[in-house]
Structure formats: C-alpha cells, structure tokens
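Examination of the molecular architecture
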Amino acid sequence: MEEQLKIDFEKLLENSNFSKKNVEIKRKNFNDFIEKGFPNRREENWKFSDLNQIISKNIKNLSFYHDLSKPNKIDQSIFIDSLEHNKLVFVNGRIEKIEFDYEEKNKIQILDDLVLEKPNNANNSLLFLNNAFVSKYFKLIVKKNYSLLKPLVIYNITNKDLVSKSVNLKVDILLEENSSLKLIELSNDKSTTNFININYNFDVQKNSILKNYKIDNNSNSNVKYCFNNINQDTNSVSEIFLLSSGSEFIKNEINCNLNGKYASAFVNGIFNLNETKHHEIKTNINHIVENTKSYQLIKGVLEDKSKAVYQGKIFVESKAQKTDGYQLSKAILLNDNTEFNAKPELEIYADDVKCSHGSASGSLNEDSIFYLMSRGLNYQEAKKLLINGFLLDVVEKITDTEIKNLIKNIINL
Amino acid sequence: MLKIKNLKADIDSKSILNNFNLQIKPGEVHAIMGPNGSGKSTLSNILSGKKGYDVSGEILFENKNLFELEIEERAHKGIFLAFQYPLEIPGVNTNIFLKTSLNAIRKARGEKELDAIEFLKLVKLKAKELKFDEEILNRQLNVGFSGGEKKKNEILQMSILNPKLSILDETDSGLDIDALKIVADGVNSLRKKDNSFLIITHYQRLLDYIKPDYVHVLMEGKIIKSGGPELALELENKGYENFN
Ligand SMILES: Nc1ncnc2c1ncn2[C@@H]1O[C@H](COP(=O)(O)OP(=O)(O)O)[C@@H](O)[C@H]1O
Ligand SMILES: [Mg+2]
C-alpha cells in the first residue's frame, strides 16, 4: 500500500496547482501518515474498530488518486424535495454545486483557497491522510448576526465511477457571533468499497447555534470516517444528530470543546444496523470552563451480525465547576450474533459537577411482543412498533420540527 | 364456544396445569377462582397463545384447534386477554396502538378499516363510558399509568375490540371500589348472547357486580369444584386453605 500511496501522492501534486506553502504542508502530512499508517486496535480509540483490518478486509487494492478535473453529473433524484434548502454538492469528492438561493448573499462567504493547517490532534493519522490528499478545502462563514433562513444540505454523493478509492473531504464552518445554521449532511453512495475520509471543523462563536444532522441511511459497501471538531464559545449551542445506518463501516468522531461559559452540546444518535455492518460513534466532550452542559443519548437496533460501538467521554477541566454532563446508551440486540460495545468514560478534575452515564442492552422483550400480538398485530408489526417506540425518544430530541419530520420519514417512524 | 379437554401444561418439566377441563358456551360468564400460583395466569396465557409451555390435551375455540393458531390469529378470531400485569410500551402512543390493533383485527375479519375520524369517534364514546380520561390516550402505552389506569385501559381495549371470548386475569386486583364498578359496567355492557367471559379472580368481590353463570375453583392446576355463584361465597367464607 505504501508504494501506491507514494505514486498517487505524486500524481496528485502533479495534476493540481496547490500553493507552494500547501505542497510543503501536504508533504509533511503525507510523511506523517506514512509513518503512522491506518489506525489499528492497539490504539485505545480504535480498540473496538480496527480500521486497518477493516480496510484490508473490505477493500482490495485501495488507491488514493482520483482525477477530479472532469465534472460529474448530479443525480437530482437524490435531492430532498420535501424541504426547501441550500445546497453544497460533492460528487466523488469533487464539488459540483454551491447554491445559497434562499440567503442574503453578503451574509455568507465561501473560501476555497486556504492554507492547510496542522491537524490539532497529533495522534490522528487519518487527519494527516486527509490533509495530504484533500484537493479543495472549503470554508463556509456565516456572518455575525445572521441566521440562515433555510437549512443547508451537504450532499456527499459517490457513483459507480468510484471503486476502491480513497476520497478526502475537508470543510470548515465558522459561525460568527450570534448566527445560526442548520446543516444536514446526507450521503448517497452508488460506489463500492471506497474509503471516505471527512473532516469537519466547526467554530461556533458567542451566542451562535449549530444544528448538525448527519444522515447515513442508504446501504453501501464503503468504509467511512468522519471527524468533527467543534469549538464553542460563550453561550453557544450545538445539536448533533447522527443516523448511523447505511454504510458497511462508519466511525463518527466528535471532539467538542466547550470553551465558553454556558456553552452546551447535545449529541443524539441512532444505530440502525443489519448484515455485517459495523458502526462506531466516538465522542470527546471537553468541559473547559464553568457552567457548561453536555447531553448524549445513543440508541441502537442491531440485526443479523452487525456491531455498534459507542465510546463516549466526558472530560471536565479543574476550573469547569458546575459542569452538567449526561450520557446514556441503549441497544436492542435482535440476534445473538450482534454486538454492542459501550465504553463510557468520565474524567473529572472539578469537584462541583453533575455527571452521569449509563448503558444497557438486551433482546426485544418477548412479553411485550406477546402483549401486542394478543391485540391482533403479527410478529413483524409488533416488532416494528416496539423498535420504533424504542428509537422515538432520540428522534424527538431534534429541535427543528421540519427536520425531525424529515428524519422520521427517512426511518419510517 | 370454548372446549378445553385434558389440558396439561408444563414449564421446564414442572407441571402447572394438569387434567384441566372446561366448557364455555356462547353468552356464558364463567369465573375461575384460585389461590396464588394455582395456574390462573398460565391458563390465560395458553388460551392467548403465549409460547414457552409444553402443552398437551385439546383446546377448541368455535370448533377450531387453538394450538394451530398464532397469537394474533386468536385475537382475530375474537379471543381477548385483559392482562394481570399490562405491559408498558415506551414510545408507542396509546391511541395509535388502539387504532392499529382494531384495524388489524377488522382487516383480518374482512371488515373495512376505520379511518382516523371514525376511530376517534369510537374511542371517545368508549372512553366516556368507562370514565377514562381521554388525555391518557395521548400518552405512551401504559407508561406511567397508575395500576387502576392500566386495568381500565385493558377494559377499554376490550370494549373497542368487542371480542367473543374475553378473559379477565385478575382485573379486579388493586382496584378501588369505584374503578371496580366501572370495570364491571364495561363487562356487563358487552354481555350479549354471543359474547362469553372467563373471569379470573382471587376474590369474590368482583362477582358482586358481574354475576357469573358458573364458578370453578382452581387448585394446583386442576379444577377441584364447579358450581353456581353461591360457590364464590362459600369460598370467601371458608378461605382456600379450608376448602376441599
Ligand atoms: N415462566 C415460568 N417459569 C417457571 N415457573 C412458572 C412460570 N410462570 C409461572 N410459573 C409457575 O407456575 C405456577 C402457576 O403460576 P401462575 O399461572 O402465574 O399462577 P396464578 O396466576 O394462579 O397466580 C406458579 O407456581 C409459578 O411459579
Ligand atoms: Mg396470575
């Protein structure tokens, strides 16, 4: 694989016109990746999901260069039609559409000629890989005091032209003071066996609100990693919702720094898995200053031989008094061959805090099934009712009614 | 309507029901009384089709072998069990559940399914009859209901589904006298020449309000005595220990 990496990296530099500065940074990141390689289970963070193994098992002859010079056709049928929205469309890693028809033009800025920064997590080789191979790196700025009138949907589409390739995307989003954004990320993959590596950086400034809905619902054989870094200033709110369902493998990692007083973060997620799918949600919520709040609720329904992992960490700095941290995960295992691994972690250096965590998993309650069937529902109907009921309270946490209904529709709730 | 012949039921090779016989004709109300652990809930569960028992013998419902019918098919045919301990189903709205249930049964019977408006009309009417607070029907099924509300919810389901054979498993336990009367009214209003009832109870009290045609005494999985309503009084006076 190292040979391939080197060839593909040189090909990328040859066929792109990166600034000198960026080429330098890319080379550095490339070398760092070569040194570390894909993460494996010897790393604490990856002990339930050995990415190195997952990639070699699922992807034959992974390559890293994809020609992005030619535009791709966008399959319009993928667009959400029940919701008016702004669009950013990526096809096979190439930006194909930027459309903010609903917004005041001078309130939104998009930059793409950016100097790469060194990843702030020196241990994460996938960020090195991303920096080395990402072609265009975007930054969206929402100006001070502006709330987007409609949600933004980032479509991440892959099609049949893409096989056994690595796709790297990097997007920064800055919400200036007192602004707000509802962001839906929707992936749609018709490609097979690719490694898709996405890096989001959110900077949520004073009094701003970020709502981010990550929807991975259409079944595909790709292996994905999505790293989200969120910095939150005073009195800001982030609401993250994850629907983790379609990809063969996906790990969503959320690193959230509550840097300003009264900042709060909500992470709610659903695993809805079948076959051999293996998904992970990993969170680090860092309470840096006092009076910050975090809330995490993750639920999973696992069928066949699927596997879900939730590693949720709450970190409380010594000066972060009056921290409120809550975390709960639950899973229904529909089959003996499924696996749910929950690893809650509290690291607390302040003394006046309110933190709790809990986790539970088990099979469908047969007595409940009997109760519902005795009222005329067949087994499938009873099962569906119980599962929907189980998942409903996570979806009910979504504060935007329109998007809540969209997601209810998507998962047939 | 219901014929149980030589029913034997074991769990994990422990005998629960043994040589159990019972016949219920259309329109009849039978009461089964028995101490804790005598097998009353086991009998109700087996009639409704719960799995996990080793059973032998024969149960005919309207001349059909019950053992050949799935749980939901028995419901479609008109068997209803009011549970001793109704289950809490989080995230499932009570009204939506009731509608799903009623329409599943109507569909299986080849009747037209009710739309939202027709259903709401029916449910309002039935809830009113049972003095059941409609607000409760917008809550999650049995979640956070008081003991009495859960039992009344069972009776509400019974009166909406209008079954041929209703089995009430200790519906009276834990009810105050007002709730007891409401439950009894619910049963009595469904009493028609084709509807039968099997009323399982620990105490005689409920039978003051629902007059049974027959009373059976169940001990250790077997009916040891059958008679008319007077048998309930005799039991009440003597107590189970001194009966026999
Ligand atoms: N799932 C079970 N496993 C083992 N024993 C059971 C089970 N259910 C009931 N029993 C036993 O069967 C007997 C009858 O129980 P049950 O039918 O619930 O009695 P009742 O309803 O009359 O109080 C009791 O001894 C009880 O312990
Ligand atoms: Mg009982």
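Predicted model, so just to flag it, every value in this text is computed and none were measured.

Looking now at unusual backbone geometry. Positive phi is not limited to glycine here, since Thr193 of chain A has a value of about 40°. Residue position: Thr193 of chain A is located in the loop between β7 (180-189) and β8 (195-204). At Glu170 of chain B, a residue that is not glycine, the phi angle is positive and equals roughly 50°. Residue placement: Glu170 of chain B occurs in the loop between β7 (165-169) and α6 (177-190).

This brings us to the pattern of salt bridges. Close approach of charged atoms lets side chains of opposite charge pair. Residue and element names in this part refer to chain A. For the coordinates displayed, the defined rule picks out 43 salt bridges over all chains. Note that Lys136 and Asp112 form a salt bridge whose closest N and O atoms lie 3.7 Å from each other. Of this pair, Lys136 sits in the loop between α4 (125-133) and β4 (137-142) while Asp112 sits in the loop between β3 (108-111) and α4, placing them 24 residues apart in sequence. Put simply, Glu44, Lys47, Lys313, Lys343, Glu345 and Glu347 are held in one network by salt bridges that share partners.

To continue, consider the sheet that holds strand β10 (residues 220-232) of chain A. Residues and elements named next belong to chain A. Taken together, the nine strands give an open sheet; going across it, the order is β3-β4-β6-β8-β10-β12-β14-β16-β18, and neighbouring strands pair in mixed fashion. Edge strands, defined here as strands with exactly one partner in the open sheet, are β3 and β18 (339-348). Direction aside, the axes of adjacent strands within the sheet are offset by 10° on average. Note that strand β6 (residues 166-175) and β8 share ten bridges and pair parallel. Bridge pairing links Val167 to Ile196 in β8.

What follows covers the coordination of the magnesium ion (ligand 2). Residues and elements named next belong to chain B. Taken together, Ser41 (OG) and Gln84 (OE1) make up the full set of protein donors to the magnesium ion (ligand 2), lying 2.1 Å away. One end of the pair, Ser41, is in helix α1 (residues 40-48); the other, Gln84, is in the loop between β6 (79-82) and α3 (94-108), with 43 residues separating them in the sequence. Take Ser41: its relative accessible area is 24%, and that puts it in the partly exposed class. A relative accessible area of 14% places Gln84 in the buried class.

All names here are of chain B. For helix α7 (residues 230-238), the complete set of buried residues consists of Leu231, Ala232 and Leu235. All buried residues of α7 fall inside an arc of 105° around its axis, so they share one side. Across α7 from its buried face, at more than 90 degrees, point the exposed residues Glu230 and Asn237. Here the buried face of α7 lies against β3 (29-33), β9 (214-219) and β10 (222-227). Phi for Gly239, located one or two positions after α7, is positive at around 80°.

Time to look at the layout of surface pockets. All names here are of chain A. There is about 760 Å³ of room inside the largest pocket. In this structure, the largest pocket is lined by 33 residues; those nearest its centre are Ser16, Phe18, Leu68, Ser135 and Lys136. Those elements giving two or more residues to the lining of the largest pocket turn out to be α1 (2-15), α2 (20-36), β2 (94-99), β4 and β6. Sort the elements by how many residues they give to the lining of the largest pocket and β6 lands first, with four residues. Partitioning the lining of the largest pocket into residue classes produces 15 nonpolar, twelve polar and six charged.

Take the environment of Lys354 of chain A next. Residues and elements named next belong to chain A. Looking at the secondary structure, you find Lys354 in strand β19 (residues 354-362). Each C-alpha atom, one on Lys354 and one on Tyr326, is 8.1 Å from the other, the two residues being 28 residues apart in sequence. Those residues within four positions of Lys354 in sequence are excluded, and the remaining contacts are Thr323, Asp324 and Gly325.

Our focus in this paragraph is empty space enclosed by the protein. Going through the model one piece at a time under the given rule, you end up with three cavities of 30 Å³ or more. Its volume calculated, the largest cavity comes out at about 240 Å³. The set of elements that each furnish at least two residues to the lining of the largest cavity consists of β5 (152-158), β7, β8, β9 (209-216), β10, β11 (237-244) and β12 (247-258) of chain A. Partitioning the lining of the largest cavity into residue classes produces twelve nonpolar, four polar and four charged. Reported here for the second largest cavity is a volume of approximately 40 Å³. What lines the second largest cavity is Ser374 of chain A together with Ala75, Gly78, Ile79, Phe80, Ile105, Arg109, Leu161 and Pro163 of chain B. Taken together, the residues that form the lining of the second largest cavity break down as six nonpolar, two polar and one charged.

A word on the site of ligand 1. All names here are of chain B. The immediate surroundings of ligand 1 are formed by Ile11, Lys14, Ile16, Pro35, Asn36, Gly37, Ser38, Gly39, Lys40, Ser41 and Thr42. Separating an oxygen atom of ligand 1 from a backbone N or O atom of Gly39 is a distance of 3.0 Å. The protein chains hide 60% of the 560 Å² of surface that ligand 1 would expose on its own. Counting residues per element, the shell around ligand 1 draws most heavily on α1, which supplies three residues.

Before going further, it helps to spend a moment on the sheet that holds β7 of chain B. Strand pairing in a sheet takes place through backbone hydrogen bonds and is either antiparallel or parallel in direction. Residues and elements named next belong to chain B. Sheet architecture is open: six strands sit in the order β6-β7-β8-β3-β9-β10, paired in mixed fashion. Of all the strands in the sheet, just β6 and β10 have a single pairing partner and so form its edges. In this sheet, neighbouring strand axes are inclined to one another by 20° on average, regardless of whether the strands run parallel or antiparallel. Summarising the sheet, β3 and strand β8 (residues 196-201) pair through five bridges and their orientation is parallel. In the strand pairing of β8, His30 is matched with Leu198. Relative to β10, α7 is tilted by about 120°, and along the sheet it contacts β3, β9 and β10.

Rules used throughout
Residues numbered from 1 in each chain as written. Chains lettered and ligands numbered in written order. Predicted model: local features only at pLDDT ≥ 70, side-chain atom pairs only at ≥ 80, totals over all residues. Heavy atoms only, no water. Helix = DSSP H or I, 4+ residues; strand = E, 2+ residues; numbered from the N terminus. Salt bridge = Lys/Arg side-chain N within 4 Å of Asp/Glu carboxyl O. Pairing = 2+ DSSP bridges. Axes fitted to C-alpha atoms, helices over the stretch in contact; angles between N-to-C directions. Donors = N, O, S within 2.8 Å, 3.2 Å for Na, K, Ca; no water. Buried < 20%, exposed > 50% of the residue type's maximum accessible area, 1.4 Å probe, protein only. Arc of directions from axis to C-beta. Contact = heavy atoms within 4.5 Å. 1 Å grid on protein atoms, 1.4 Å probe; cavity = no way out; pocket = protein on both sides within 12 Å on 5 of 7 lines; lining within 4 Å. Points joined across faces, edges and corners; volume = space filled by probe spheres on them. Nonpolar A, V, L, I, M, F, W, Y, C, P; charged D, E, K, R; others polar. Near = heavy atom within 4 Å. Polar contact = N/O pair within 3.5 Å; in protein donor to acceptor, adjacent residues only side chain to side chain. Areas by Shrake-Rupley, 256 points an atom, 1.4 Å probe, with all protein chains shown as cover.

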